[in-house]
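Given next are the chains, with one letter for each unit.
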Amino acid sequence: MRLKYPVLMIHGCGFRDKVLGINYWGRIPKQMEKNGVKVYYGGTDAWGAIESNAQKVKEKIENIVKKQGVEKFNVIAHSRGGLEARYLISSLKLSSVIASLTTISTPHRGVKAMNIALNINNGVYKFVSFFINLWFKILGDKNPDFFKSSRQLSEQECTEFNKINIDDKLVYYQSYAAKMKHFFSDFLFLFLNPFLKITDGENDGLCPVESAKWGSFKGVITTEGKFGISHSGIVDAYRVKYKGIDIPKLYLSILEDLERNGY
């Protein structure tokens, strides 16, 4: 594979690029590297706010450009990482070094169910957030802010975000959604999937299909049969073979498409 530009991967919330040797993206990066693709990571916090995490990615990119002479990047971002990438491009003015942005299960238009979080008593929310932040600092986060970061995924917050972070004409935007077919598809989202189905429609346990659509929408990723693909499954978290879909190969096909289009 001869991509014009290397890949920069930006993870979603609740995890880091690697924790105790476990890669957020499962087998995907190794498959890319086996096919001659240079892979970099964003280095963001698990629960950093969009602005804070985007700044971290900016510093990472500027360091790579300066030391390794990389001209541009093909960014692949999952979940909240897609919002951070868009903030990076639009608000931090880095469109000159971003060739393309591919978002996977990113709630671009937010999650209606998360609007409920905005109505929770701030004192209670901040109390819970304090202990979550403390735990993730132990795991390596530099600036965890669960209170702000989690609320930024609501429909209300994303509506305001989209008004400010307009797509840049220098960057190619494309997106994919994932879908669980039944609530038992992934026990991690056993209760969230049916709840979001009521408030937001079809979803992968965290991200509504409609909210994931941005730029050139490439389709909904799911399985043959009864189960489907969850928010974690779409990034190969479980390292399993799904019926009718090979997750690492899916990402290779994404890169092949970018290659054909000159990226």
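Residues numbered from 1 in each chain as written. Predicted model: local features only at pLDDT ≥ 70, side-chain atom pairs only at ≥ 80, totals over all residues. Heavy atoms only, no water.

### Focus on the layout of surface pockets
Right, on to step 1. Space inside the largest pocket adds up to approximately 460 Å³.
Right, on to step 2. Lining the largest pocket are 24 residues; nearest its centre among them are Trp 47, Met 114, Ser 150, Leu 153 and Leu 206.
Right, on to step 3. Those elements that place two or more of their residues in the lining of the largest pocket are α4 (122-138), α5 (146-151) and α7 (192-199).
Right, on to step 4. Within the lining of the largest pocket, the residues separate by chemical class into 19 nonpolar, 5 polar and no charged.
Right, on to step 5. Of the residues belonging to the lining of the second largest pocket, the class tally is 10 nonpolar, 7 polar and 1 charged. (1 Å grid on protein atoms, 1.4 Å probe; cavity = no way out; pocket = protein on both sides within 12 Å on 5 of 7 lines; lining within 4 Å. Points joined across faces, edges and corners; volume = space filled by probe spheres on them. Helix = DSSP H or I, 4+ residues; strand = E, 2+ residues; numbered from the N terminus. Nonpolar A, V, L, I, M, F, W, Y, C, P; charged D, E, K, R; others polar.)

### Quick notes on the sheet that holds strand β1 (residues 7-10)
Right, on to step 1. The strand order across the open sheet built from 6 strands is β4-β1-β5-β6-β7-β8, with neighbouring strands paired in parallel fashion. Single-partner strands in this sheet number two, and they are β4 (39-41) and β8 (216-221). Between one strand and the next, the sheet's axes are offset by a mean angle of 20°, whatever the strand orientation.
Right, on to step 2. In this structure, β1 lies alongside strand β5 (residues 73-78), joined through 4 bridges in parallel fashion. Note that in β5 the partner of Met 9 across the bridge is Ile 76. (Pairing = 2+ DSSP bridges. Axes fitted to C-alpha atoms, helices over the stretch in contact; angles between N-to-C directions.)

### Looking at unusual backbone geometry
Right, on to step 1. Phi is positive for Lys 93, close to 55°, though the residue is something other than glycine.
Right, on to step 2. Given the relative accessible area of 64%, Lys 93 is considered exposed.
Right, on to step 3. The phi torsion at Asp 236 lies on the positive side, around 60°, for a residue other than glycine.
Right, on to step 4. For Asp 236, the location among the structural elements is in the loop between β8 and α9 (247-260). (Buried < 20%, exposed > 50% of the residue type's maximum accessible area, 1.4 Å probe, protein only.)

### Looking at the packing of aromatic side chains
Right, on to step 1. Enumeration over the complete set of coordinates arrives at 12 aromatic pairs.
Right, on to step 2. Ring geometry for Trp 25 and Tyr 251: centres 6.2 Å apart, planes at 80°, overall edge-to-face. Remark: Tyr 251 occurs in helix α9 and Trp 25 occurs in the loop between β3 (22-23) and α1 (28-34); sequence separation between them is 226 residues.
Right, on to step 3. For the pair Trp 47 and Phe 146, a centre-to-centre distance of 4.7 Å together with 75° between the ring planes defines the contact as edge-to-face. Within this pair, whereas Trp 47 is found in the loop between β4 and α2 (50-68), its partner Phe 146 is found in helix α5, the two being separated by 99 residues in sequence. (Phe/Tyr/Trp six-rings, centres within 6.5 Å; stacked < 30°, edge-to-face > 60°.)

### Observations concerning the environment of Glu 51
Right, on to step 1. Position of Glu 51 among the secondary structure elements: in helix α2.
Right, on to step 2. Residue class for Glu 51 comes out partly exposed when judged on its relative accessible area of 29%.
Right, on to step 3. Spatially, the C-alpha atom of Glu 51 lies 9.6 Å from that of Leu 83, the residues being 32 residues apart in sequence.
Right, on to step 4. If we skip the residues at most four places from it in the chain, Glu 51 touches Tyr 87, Lys 148 and Gln 152. (Contact = heavy atoms within 4.5 Å.)

### As for a nonpolar patch on the surface
Right, on to step 1. Side chains of Ile 120, Val 124, Phe 127, Val 128, Phe 130, Phe 131, Leu 134, Trp 135, Ile 138 and Leu 139 sit close together on the surface and give an oily, nonpolar patch of about 1000 Å² of accessible area.
Right, on to step 2. Counting through the fold element by element, Phe 130 comes out in helix α4. (Patch = residues over 30% accessible without salt bridge, like charges linked within 9 Å, V, L, I, M, F, W, Y side chains within 5 Å. Areas by Shrake-Rupley, 256 points an atom, 1.4 Å probe, with all protein chains shown as cover. Salt bridge = Lys/Arg side-chain N within 4 Å of Asp/Glu carboxyl O.)

### Comments concerning the side chain of Asp 141
Right, on to step 1. If you trace the backbone, Asp 141 turns up in the loop between α4 and α5.
Right, on to step 2. A polar contact is formed between the side chain of Asp 141 and the backbone nitrogen of Ala 46, at a distance of 2.8 Å.
Right, on to step 3. A distance of 3.0 Å separates a polar side-chain atom of Asp 141 from the backbone nitrogen of Trp 47.
Right, on to step 4. Residues contacting Asp 141, with those up to four places away along its chain left out, are Arg 16, Asp 45, Ala 46, Trp 47, Gly 48 and Phe 136. (Polar contact = N/O pair within 3.5 Å; in protein donor to acceptor, adjacent residues only side chain to side chain.)

### A look at the nonpolar core
Right, on to step 1. Grouped together as the largest cluster of nonpolar side chains are 28 residues, with contacts concentrated most on Leu 8, Ile 61, Phe 73, Val 75, Leu 88, Ile 98 and Leu 101.
Right, on to step 2. The set of elements that each furnish at least two residues to this core consists of β1, α2, β5, α3 (80-90), β6 (98-104) and α6 (155-164).
Right, on to step 3. Grouped together as the second largest cluster of nonpolar side chains are 27 residues, Met 9, Tyr 242, Ile 247 and Leu 250 included. (Core = buried A, V, L, I, M, F, W, Y, C linked by side-chain atoms within 4.5 Å.)

### Describing the side chain of Asp 204
Right, on to step 1. Following the sequence through the fold, Asp 204 ends up in the loop between α7 and α8 (209-212).
Right, on to step 2. Buried and without a salt bridge, Asp 204 has Lys 179 as its closest oppositely charged side chain, separated by 12 Å.
Right, on to step 3. Within polar-contact distance, the side chain of Asp 204 engages the side chain of Ser 105 at 2.8 Å.
Right, on to step 4. The residues touching Asp 204, leaving out its near neighbours within four places in the chain, are Ser 105, Ala 178, Lys 179, Met 180, Phe 189, Ile 229, Ser 230 and His 231. (Lys, Arg positive; Asp, Glu negative; His and termini not counted.)

### Structural notes on the state of the cysteines
Right, on to step 1. For the structure on display, the rule yields 0 disulfides.
Right, on to step 2. Unpaired in terms of disulfides, Cys 158 finds its nearest cysteine sulfur in Cys 207, a separation of 9.4 Å.
Right, on to step 3. Judged by relative accessible area, Cys 158 falls into the buried class, the value being 0%. (Disulfide = S-S within 2.5 Å.)

Geometric values such as these leave the question of function open.
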